[in-house]
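Spelled out from the first residue to the last, the chains are:
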Amino acid sequence: MELTTARRGGRRVLLAEGWVDQQFPARLQTMLDRHTDIEEIWLRSPGGDAMAGNEAGLMLRTMYSGITTRIPAGWTCAGACNFVFLGGSVRHVDPDGVFMVRMFTFSGDEALREGVTQGGGSAARASGEVEGSARQQATADVDFMIRTGISPDLLDIMYQSGNLEEGASRCLTREELRDFNVAEIRD
C-alpha cells in the first residue's frame, strides 16, 4: 500500500492506496510516528491480507485514538481495508464513497494449491491448514468487532458475501453504514 501525506481542506491527511500487505501495519505506524500532525487517513484499497488489516485497525484504535478514517467520494475500501477503516476513532464514508464487504479468503494460498496438485495426504494437510487459518481469522474478526464497538452483525453480511474472485462482494448502503455503527453519515 502506498502511503502519501497531503493537505486537504487545510488538514494533514494520509492517503493510503493499494493492497494491504503483511508489512502495512509497521509502515503505517512508522508514517504516523513520523508525521504526528496527520488528522485523517483516506483509504482506497481492493483488500489484501486480512490479519494485517485487523492489526492495522487495532493499532489505529489503541495507539492513535484521535485519527479519523475516511473513504472519500469515488474511492472504495474493500476486504482487509474494511478493518483498517474501522480502526478510526471517527469514521466517515463520503457520498459516493464505497465500503465494500466480503469474506476473507485463503483460496489463493499457494500451499493449498500445491497440496491439491500433489493429491492424497498433501491435499488433506493443506486443507486442514487453510481451515485452521480461517478459524483463526474468524476469531480475530469477532474480537476486532467487540474491541472497536462495531456491531458484530456486520460479520454476518461480510461472511455471506464470499470473496472478490467469486464476484460476491457487497457494498453497504448509507443506512447500513449507520445501523452497523460503521461510519457517521453526513450527506
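Residues numbered from 1 in each chain as written. Predicted model: local features only at pLDDT ≥ 70, side-chain atom pairs only at ≥ 80, totals over all residues. Heavy atoms only, no water.

### Some words on the packing of helix α1 (residues 24-34) against helix α2 (residues 50-63)
For step 1, the next point in the chain: The contact between α1 and α2 brings their axes to 8 Å, and the two run at 30°. On the basis of their axis angle, the class for α1 and α2 is roughly parallel. Considering only the axes of α1 and α2, their crossing is right-handed. Contact residues: F24, P25, L28, Q29 and L32 in α1; A52, E55, A56, M59, L60 and M63 in α2. (Axes fitted to C-alpha atoms, helices over the stretch in contact; angles between N-to-C directions. Helix = DSSP H or I, 4+ residues; strand = E, 2+ residues; numbered from the N terminus. Parallel < 35°, antiparallel > 145°, perpendicular 65-115°, else oblique. Left-handed = near helix turned anticlockwise from the far one by under 90°. Contact = heavy atoms within 4.5 Å.)

### Digging into the side chain of T69
For step 1, the next point in the chain: Note that T69 resides in strand β4 (residues 68-71).
For step 2, the next point in the chain: With relative accessibility at 0%, the residue T69 sits in the buried group.
For step 3, the next point in the chain: At 2.6 Å, the side chain of T69 and the backbone oxygen of F85 are in polar contact.
For step 4, the next point in the chain: Every residue in contact with T69, bar those within four places of it in the chain, is listed here: I41, L43, L60, V84, F85, G88, V90, R91 and H92. (Buried < 20%, exposed > 50% of the residue type's maximum accessible area, 1.4 Å probe, protein only. Polar contact = N/O pair within 3.5 Å; in protein donor to acceptor, adjacent residues only side chain to side chain.)

### Describing the pattern of salt bridges
Oppositely charged side chains may form a pair once their charged atoms are brought near each other.
For step 1, the next point in the chain: Enumeration according to the criterion identifies 10 salt bridges in this entry.
For step 2, the next point in the chain: Salt-bridge contacts for R44 lead to E17; the nearest nitrogen and oxygen are separated by 2.7 Å. With R44 in strand β3 (residues 40-44) and E17 in strand β2 (residues 11-17), this residue pair connects regions lying 27 residues apart in the sequence.
For step 3, the next point in the chain: Judged by its relative accessible area of 34%, R44 falls in the partly exposed class.
For step 4, the next point in the chain: For E176, the salt bridge goes to R170, with nearest N and O atoms at 2.2 Å. (Salt bridge = Lys/Arg side-chain N within 4 Å of Asp/Glu carboxyl O.)

### Some words on the pairing of strand β7 (residues 98-101)
Moving residue by residue along a regular strand, the side chains alternate between the two faces of the sheet.
For step 1, the next point in the chain: Where strand β5 (residues 76-78) meets β7, 3 bridges bridge the pair, whose relative direction is parallel. Directly across from C77, in β7, lies its bridge partner F99.
For step 2, the next point in the chain: Sheet topology places β7 next to strand β8 (residues 170-171); 2 bridges connect them, and they run antiparallel. Bridged to V101 within β8 is R170. (Pairing = 2+ DSSP bridges.)

### Here's the deal with unusual backbone geometry
For step 1, the next point in the chain: The phi dihedral of D96 falls on the positive side, at around 75°, and the residue is not glycine.
For step 2, the next point in the chain: Unlike most non-glycine residues, N181 shows phi in positive territory, near 60°.
For step 3, the next point in the chain: Here N181 is to be found in the segment after α7 (174-179).

### Let's talk about the environment of L3
For step 1, the next point in the chain: You can see L3 is positioned in strand β1 (residues 2-8).
For step 2, the next point in the chain: A sequence separation of 14 residues divides L3 from E17, and the C-alpha atoms of the two residues are 6.7 Å apart.
For step 3, the next point in the chain: Apart from the residues within four sequence positions on either side, L3 is in contact with L14, L15, A16, F24, R27, L28 and M31.

### Focus on the sheet that holds β5
For step 1, the next point in the chain: Pairing is mixed across the open sheet formed by 3 strands, whose spatial order is β5-β7-β8. Pairing within the sheet leaves two strands with one partner each, and these edge strands are β5 and β8.

### Things to note about the state of the cysteines
For step 1, the next point in the chain: In total, this model carries 1 disulfide according to the counting rule given.
For step 2, the next point in the chain: Disulfide pairing places C77 opposite C81 at an S-S distance of 2.2 Å. In this structure, the disulfide formed by C77 and C81 twists by about -115° around the S-S bond and is classed as left-handed. Comparing C77 with C81, the two get one shared label, buried. (Disulfide = S-S within 2.5 Å.)

### A few points about the sheet that holds strand β6 (residues 90-93)
For step 1, the next point in the chain: Taken together, the 5 strands give an open sheet; going across it, the order is β1-β2-β3-β4-β6, and neighbouring strands pair in mixed fashion. Of all strands in the sheet, those with a lone pairing partner are β1 and β6, marking the two edges. Each strand of the sheet is rotated relative to its neighbour by a mean of 25°, with strand direction disregarded.
For step 2, the next point in the chain: Both β1 and β2 contribute to a ladder of 7 bridges, which runs antiparallel. Opposite A6, over in β2, you have V13 as the bridge partner.

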